[in-house]
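If you want the building blocks of each chain, they are given just below.
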Amino acid sequence: MYRTHTCGELRAEDIGKPVVLSGWVQRVRDLGAVTFVDLRDRYGITQLAFSKDKPELMEQAKKLGREYVVRVEGKVRERESKNPKLPTGDIEIDVDRLEVLNPSALPPFLIEDQTDGGEELRAKYRYLDIRRRPVQQNLIFRSRVTQAVRNYLTDQGFIEVETPYLIKSTPEGARDFVVPSRLHPGQFYALPQSPQTFKQLLMVGGMDKYMQIVKCFRDEDLRADRQPEFTQIDCEMSFVTRDDVLRTFEGLIAHLLHKFHGIEPRPFPRMTYDEAMARYGTDKPDIRFGMELGEITPFVKDKDFKVFAASEYTGGIAVPGGASFSRKQIDGWTEWVKRPQVGAKGLVWVKYNPDGTFKSSVDKFFGEEDFRAWAEITGARPGDLMLFLSGPKDQTRKQLGMLRLELANRMGLRKPFEFAPLWITDFPLLEWDEETGRYHAMHHPFTAPLPEDEHLLDTDPARVRANAYDLVLNGNEIGGGSIRIHRRDLQEKMFELLGFTPEEARRQFGFLMKAFEYGAPPHGGIAIGLDRLVALMGGEESIRDFIAFPKNTSGRDVMIDAPDYISEEQLRELHLKLDLPDDKNP
Ligand code: ASP
């Protein structure tokens, strides 16, 4: 027998009991008369004591190295100096027998809560990193959240159905990962960017309520904290309106926030896309703090300050307490908005001093009356700082949105354990793409237009709003979905608007349009990003902390070293020939 108890289990009540424990050696401390060994497993740490009266055993213990796997037999006894910080801190094991089950090489970094290992090193030895308590706690938390999701949805009547991974392209706006077929030379499967078409077909199949916690694959240029494979809570429902879907998933998120954080966040605010862009400069606003955008375009149109007067949009935000910013700090923010990632040309600032006077970078052009009006619009009060940007409307609002978020980050206004979920609705159905000179579906091509906008499809497609919604939490889009098209004629028209020829549409999506001919029910759904949801609920920024074996920022698994070349033999079987630039040849 390897163990009678775990290393986190024994308490004062167990004193006197004979026990067997197994685990990893965290630390060996030789105090002369006694040698202590901390034995660790997933459940905790128990102190083992080896004393001088058993000299051979003590010598054996002194030779143990970090991360050796051992098994001990002994008796629980009361500790002389107790450790109130440890749940097992009242007791120790008086060891009678010690067996090394497996020695360990010296680990490349400390297996402790605070480690000295850098990110790359820990990724390479992820299995050692996973031995650390914070990583284990994150994986355990993920498991608990996942289970709660499954239980909640199952209780609501959802049926869990697995959909295939070897499919053909589903357009979700990224590139497909493809898998060459050996049996069908020259043909490829695509890995699903999401199970979108399958879940819709399940609705045609009468499953009524579907859920799946499922891997999705998207070959995108990697942005910070994106993973090429990630997990979604994917759902679809039949005979539902938008409100039915929102109510159901508001219920799920509220249940989770209540279960894990004791919060009741309902009802979630709802905001249209247009409103979110105007007030926050983003379609995923963090509404835990103010600093909303205020537009002053009409106030500056006829003034002498050309930069503002010539701009489509001028707007700003009020930074609470910002009147005390130094000149250097403000210059720092000017530099920040000029970074290529933000792309503003400059920044106009106005200090609203605590005594009610104003001081600004545009004192030559504007006076107190102007500043008072601007303060009214941005909500600035004495003691605040107003910051303004101008330029094309959409772009400038986005820049202000970024500035707002960064200010809040640095001012500590984004508190990890404060949660503010909301819904964003009424997205545009289509987005014009300058490069290709075509429309793109903003969500995906299966999204239905709002019924009241359907008539605009022929005359003014850019103005059509989608029956789509995003779930936003603390400035992150954690989910998105829509009511779907369930009529063949409308789906055909949609593909046409997106620039598909009827042949292309039939080749790629004929199966779906065919299904719509056989009594497809009205349906809609949503997918929620599990990695991000868990990370946010765990109070952390990075999703990688909650994935057991994540890829790094260049999409590599540095532990197993993937992606990797395959053999000539494999290539031949797959009928593939590589055509690589010289410097990329294996
Ligand atoms: N398939 C969509 C996505 O992955 C979600 C949905 O529309 O249900 O974003």
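What you see is a predicted model; the values in this text were computed from it and never measured.

Reading guide: rules and limits
Residues numbered from 1 in each chain as written. Predicted model: local features only at pLDDT ≥ 70, side-chain atom pairs only at ≥ 80, totals over all residues. Heavy atoms only, no water. Helix = DSSP H or I, 4+ residues; strand = E, 2+ residues; numbered from the N terminus. Buried < 20%, exposed > 50% of the residue type's maximum accessible area, 1.4 Å probe, protein only. Pairing = 2+ DSSP bridges.

S.K.: Looking at this structure, how should I read unusual backbone geometry?
M.R.: Trans is the prevailing form of peptide bonds, just as negative phi is the prevailing case for residues other than glycine. Between Arg-266 and Pro-267 the backbone carries a cis peptide bond, its omega angle lying at -5°. Mapped onto the secondary structure, Pro-267 falls in the loop between α6 (242–261) and β11 (270–272). Cis geometry is adopted by the peptide bond preceding Pro-563, which originates at Ala-562 and carries an omega value of 0°. Position of Pro-563 among the secondary structure elements: in the loop between α16 (530–537) and α17 (568–573). Backbone geometry at Phe-239 places phi at a positive 55°, although glycine is not the residue there. Backbone geometry at Asp-426 places phi at a positive 60°, although glycine is not the residue there. Looking at where Asp-426 falls in the secondary structure, it is placed in the loop between β17 (421–425) and β18 (430–433).

S.K.: Teacher, can you tell me more about the pairing of β17 here?
M.R.: In terms of burial, β17 is a largely internal element, 5 of the 5 residues being buried. Neither face of β17 is open: one carries Pro-421, Trp-423 and Thr-425, the other Leu-422 and Ile-424, and all of them are buried. As judged from the 3 bridges shared by β11 and β17, these two strands associate in the parallel manner. Opposite Thr-272, over in β17, you have Thr-425 as the bridge partner. The pairing of β17 with strand β20 (residues 468–473) spans 5 bridges and is antiparallel. Note on β20: the bridge partner recorded for Thr-425 is Tyr-469.

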